[in-house]
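# Report on the structure
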Amino acid sequence: MDSSGLYRDITGFAHATPVWVQSAFEVWTQYGLLVFGVLFAAVWWRARTRPGSRAVALAVAAPVATALAYVLSEAVKSAVDEERPCRAVAEAAAPLVPCPVPGDWSFPSNHSVIAGAAAVGLALAVGRLALLTVPLALLMAFSRVFVGVHYPHDVAIGLLLGGLPAAFVVPLLAGPLGTVVAAMRASGVRAVVWFTGPGRAR
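Residues numbered from 1 in each chain as written. Predicted model: local features only at pLDDT ≥ 70, side-chain atom pairs only at ≥ 80, totals over all residues. Heavy atoms only, no water.

### Digging into the side chain of Ser 53
For Ser 53, the location among the structural elements is in the loop between helix H3 (33–47) and helix H4 (54–80). Residue class for Ser 53 comes out buried when judged on its relative accessible area of 18%. At a separation of 3.0 Å, a polar atom in the side chain of Ser 53 contacts the main-chain carbonyl oxygen of Gly 178. The contacts of Ser 53, once residues within four sequence positions are left out, are Gly 178, Val 181, Ala 182 and Arg 185. (Helix = DSSP H or I, 4+ residues; strand = E, 2+ residues; numbered from the N terminus. Buried < 20%, exposed > 50% of the residue type's maximum accessible area, 1.4 Å probe, protein only. Polar contact = N/O pair within 3.5 Å; in protein donor to acceptor, adjacent residues only side chain to side chain. Contact = heavy atoms within 4.5 Å.)

Right under this line is the structure:
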């Protein structure tokens, strides 16, 4: 895959934007994944008050699927060994953030994998969240090219490599996790019931 031409176009566009836009993208690309972490916590907290065990099971399955997607991403990254565009693409604009060290490979984008998996997992847990999580995942992926540390194909494949497995893993885990949650709620152990929420039974 060669998306170096598009990479030059996007990084050139980035340098033409106002400084405040560049700064906003730098902050988002660095810390934006924390938003998904906050959403995971919020969805879990909300699920604790829901009847039945499926809501909690989905809330737990979403971050588990995201973690598995990250492991898969690291495996692919180690196998492909693609150099970062901020070192490899001639005549491209300088990156807005420091270029990762040699050996920190480019394909796929871990940020995009995590964002794609989190977006899908959260949407499966709470359907209407897709209106928020999908745009956030796309923005995260774009930001990685905008600041100059990934090729466009890195982030496009990254979103798929995160989102598609999550779409299968989250429903697959929901059944077994639901059984565990129901047993935990029935245990009567205070700390355990606090984690799962009392559900309808209490």
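### Quick look at the packing of H3 against H4
Orientation of H3 relative to H4, taken along the N-to-C sense of each, is 160°, at an axis distance of 7 Å. Judged by the angle between their axes, H3 and H4 are roughly antiparallel. In terms of crossing hand, the pair formed by H3 and H4 is left-handed. Touching Phe 40, Val 43, Trp 44 and Ala 47 of H3 are Ala 55, Val 56, Ala 59, Ala 62, Pro 63 and Thr 66, all from H4. Looking at the contact of H3 with H4 residue by residue, the classes come out as nine nonpolar, one polar and no charged. (Axes fitted to C-alpha atoms, helices over the stretch in contact; angles between N-to-C directions. Parallel < 35°, antiparallel > 145°, perpendicular 65-115°, else oblique. Left-handed = near helix turned anticlockwise from the far one by under 90°. Nonpolar A, V, L, I, M, F, W, Y, C, P; charged D, E, K, R; others polar.)

### Here we look at the state of the cysteines
Applying the stated criterion across every chain, the model contains one disulfide. At a sulfur-sulfur separation of 2.0 Å, the disulfide partner of Cys 86 is Cys 99. When the S-S torsion is 70°, as for the bridge of Cys 86 with Cys 99, the disulfide is right-handed. Here Cys 86, found in helix H5 (residues 85–88), pairs with Cys 99, found in the loop between H5 and helix H6 (110–125); they are 13 residues apart in sequence, far enough to count as distant. (Disulfide = S-S within 2.5 Å.)

### Digging into the pattern of salt bridges
Tallying each qualifying case throughout the model produces two salt bridges. Residue Arg 87 is joined to Glu 83 by a salt bridge in which the shortest nitrogen-to-oxygen separation is 3.0 Å. You can call Arg 87 partly exposed: its relative accessible area is 35%. Across the salt bridge formed by Arg 84 and Asp 104, the nearest N and O atoms sit 2.9 Å from each other. Pair noted here: Arg 84 is in the loop between H4 and H5 and Asp 104 is in the loop between H5 and H6, with a separation of 20 residues, a long-range link. The exposure class assigned to Arg 84 is buried, which follows from its relative accessible area of 4%. (Salt bridge = Lys/Arg side-chain N within 4 Å of Asp/Glu carboxyl O.)

### Topic: helix H2 (residues 19–31)
For H2, spanning 13 residues, the distance from its first C-alpha to its last is 18 Å, which sits close to the expected 18 Å at 1.5 Å a residue. Of all the positions in H2, only Val 21, Gln 22, Phe 25, Trp 28 and Thr 29 are classed as buried. The buried residues of H2 occupy an angular sector of 130° when projected down its axis, which confines them to one face. The outward face of H2, more than 90 degrees from its buried face, is lined by the exposed residues Val 19, Trp 20, Gln 30 and Tyr 31. Of the surrounding secondary structure, the elements contacted by the buried residues of H2 are helix H1 (4–16), H3, H6 and helix H7 (130–146). (Expected span 1.5 Å × (residues − 1). Arc of directions from axis to C-beta.)

### Side note on the packing of H7 against helix H8 (residues 152–187)
Between H7 and H8, the shortest axis-to-axis distance is 8 Å and the interhelical angle comes to 155°. The pairing of H7 with H8 is recorded here as roughly antiparallel in orientation. Classified by chirality, the crossing of H8 by H7 is right-handed. Where H7 approaches H8, its residues Ala 137, Leu 138, Ala 141, Arg 144 and Val 145 are matched on the opposing element by Pro 152, Val 155 and Leu 159.

### Observations concerning the packing of aromatic side chains
For the coordinates displayed, the defined rule picks out seven aromatic pairs. Considering the side-chain rings of Phe 25 and Phe 146, the 4.0 Å spacing of their centres and the 20° angle between planes classify their relative orientation as stacked. Here Phe 25, found in helix H2, pairs with Phe 146, found in helix H7; they are 121 residues apart in sequence, far enough to count as distant. Given the relative accessible area of 15%, Phe 25 is considered buried. With relative accessibility at 1%, the residue Phe 146 sits in the buried group. Their ring planes at 50° and their centres at 5.9 Å tell us that Phe 142 and Phe 146 sit as a pair that is tilted. Of the two residues, Phe 142 and Phe 146 both sit in helix H7, four residues apart, roughly one turn of that helix. Feature note: the residues Phe 13, Phe 25, Phe 142 and Phe 146 constitute an aromatic cluster, connected by ring pairs. Taking the ring centre of Trp 44 as reference, the NZ or CZ of Arg 48 above it sits at 5.7 Å. The ring of Trp 45 has Arg 48 lying over it, and the distance from NZ or CZ to the ring centre is 4.2 Å. (Phe/Tyr/Trp six-rings, centres within 6.5 Å; stacked < 30°, edge-to-face > 60°. Lys NZ or Arg CZ within 6 Å of the ring centre and 35° of its normal.)

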